[in-house]
Amino acid sequence: MSSTSGILSPLDIRTCIFLENHAVGVGDNDAGGYGGGIFIEDQAMHMHDTEMSLNWVGTNGMFSDISSAGGAIWCSSQGDSQISYSRIHDNFVVGGFGGGLYTTDSTGLVVSDSSIMYNVALSSYTLHGQGGGMFIGHQSNISVVNCTIISNLAMPRIDNSDTAPLTYSGYGGGMFVQTAIVNVTDSQFINNIVYTGQFDSGAGGGGVVLEDTYGSNFKRCEFVYNGAQGYSGYSQYASSGA
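What counts and what doesn't
Residues numbered from 1 in each chain as written. Predicted model: local features only at pLDDT ≥ 70, side-chain atom pairs only at ≥ 80, totals over all residues. Heavy atoms only, no water. Pairing = 2+ DSSP bridges. Helix = DSSP H or I, 4+ residues; strand = E, 2+ residues; numbered from the N terminus. Axes fitted to C-alpha atoms, helices over the stretch in contact; angles between N-to-C directions. Buried < 20%, exposed > 50% of the residue type's maximum accessible area, 1.4 Å probe, protein only. Patch = residues over 30% accessible without salt bridge, like charges linked within 9 Å, V, L, I, M, F, W, Y side chains within 5 Å. Areas by Shrake-Rupley, 256 points an atom, 1.4 Å probe, with all protein chains shown as cover. Salt bridge = Lys/Arg side-chain N within 4 Å of Asp/Glu carboxyl O.

S.K.: Looking at this structure, I do not really get the sheet that holds strand E11 (residues 87–89). What am I missing?
M.R.: Adjacent strands of a sheet pair through backbone hydrogen bonds, lying either parallel or antiparallel. Taken together, the seven strands give an open sheet; going across it, the order is E2-E6-E11-E16-E21-E26-E30, and neighbouring strands pair in parallel fashion. Because the sheet does not close on itself, it has two edges, and the strands there are strand E2 (17–19) and strand E30 (222–224). Adjacent strand axes in the sheet meet at a mean angle of 5°, parallel and antiparallel pairs treated alike. Where E11 lies against strand E16 (residues 115–117), three bridges are found, and the strand directions are parallel.

S.K.: I keep staring at the environment of Tyr214 and nothing clicks. Help me out?
M.R.: Among the structural elements, Tyr214 can be located in the loop between strand E28 (208–211) and strand E29 (217–219). Judged by its relative accessible area of 70%, Tyr214 is exposed. Spatially, the C-alpha atom of Tyr214 lies 9.8 Å from that of Gln178, the residues being 36 residues apart in sequence.

S.K.: Explanation requested: a nonpolar patch on the surface in the structure shown.
M.R.: Taken together, the side chains of Ile17, Leu19 and Leu54 define a hydrophobic patch exposed on the protein surface, amounting to about 300 Å² of accessible area. Tracing the chain through its elements places Leu54 in the loop between strand E6 (51–53) and strand E7 (56–59). The class for Leu54 is partly exposed, based on a relative accessible area of 40%.

S.K.: How do you make sense of the sheet that holds E29 when you look at a structure like this?
M.R.: Taken in spatial order, the seven strands make up an open sheet running E1-E5-E10-E15-E20-E25-E29, and their pairing is parallel. Only two strands of the sheet have a single partner each, and these edge strands are strand E1 (11–14) and E29. Averaged over all pairs of adjacent strands, the angle between their axes in this sheet comes to 10°, without regard to strand direction. Bridging between strand E25 (residues 181–185) and E29 involves three bridges; their strand directions are parallel. When the bridges of E29 are listed, Asn183 appears paired with Asn217.

These results come straight from atomic positions and should not be treated as a statement about function.
Okay, structure coming up:
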């Protein structure tokens, strides 16, 4: 990763497996975690042919006021960053954002020829679960090309109730984009689901949520069997600024 010019060269991750890693608090009021498998900040990254599975972040309690993010990957990258031919599946975040991938303040990241499947963003009593598959936030500008985003969930926790969920609803089962720009091409959003909890108006955006964003594009994409069970029952949902 070193460079004689003083600028870090991209972190190179190839043909690796990240399995059952986690970053977690231990009490109701502890901070959550960031990047169950990988945490990368102010650094370019090249990930190729890599599997991220069963990684998670969060807290064991449900009352933390500090969110968790990036069940598999937390990324703030500048310049030439790539995730290609990789599989991000069965990861989750508790009380926060991005069950599979969370990216913030990232420019130039390209996610291509990869699958993002069966990831979950779980809510808490204080925070919504947003972006089951991916959360793209805060001035990021990224591209998603030829990817399959399938069967991701954003939903309330139900483990502490025998009858009904008690935490907030989920938003953006496949992807949640907030104050950022995303360009998605030749990709599939299939069977991503959000579920309604309590204390709010209901779940929204089974496939995609766009919030306070301008300039995002979706070209030659398929949206199939995405769903929201609750007030905002659309497969693709966009709020202000879209």
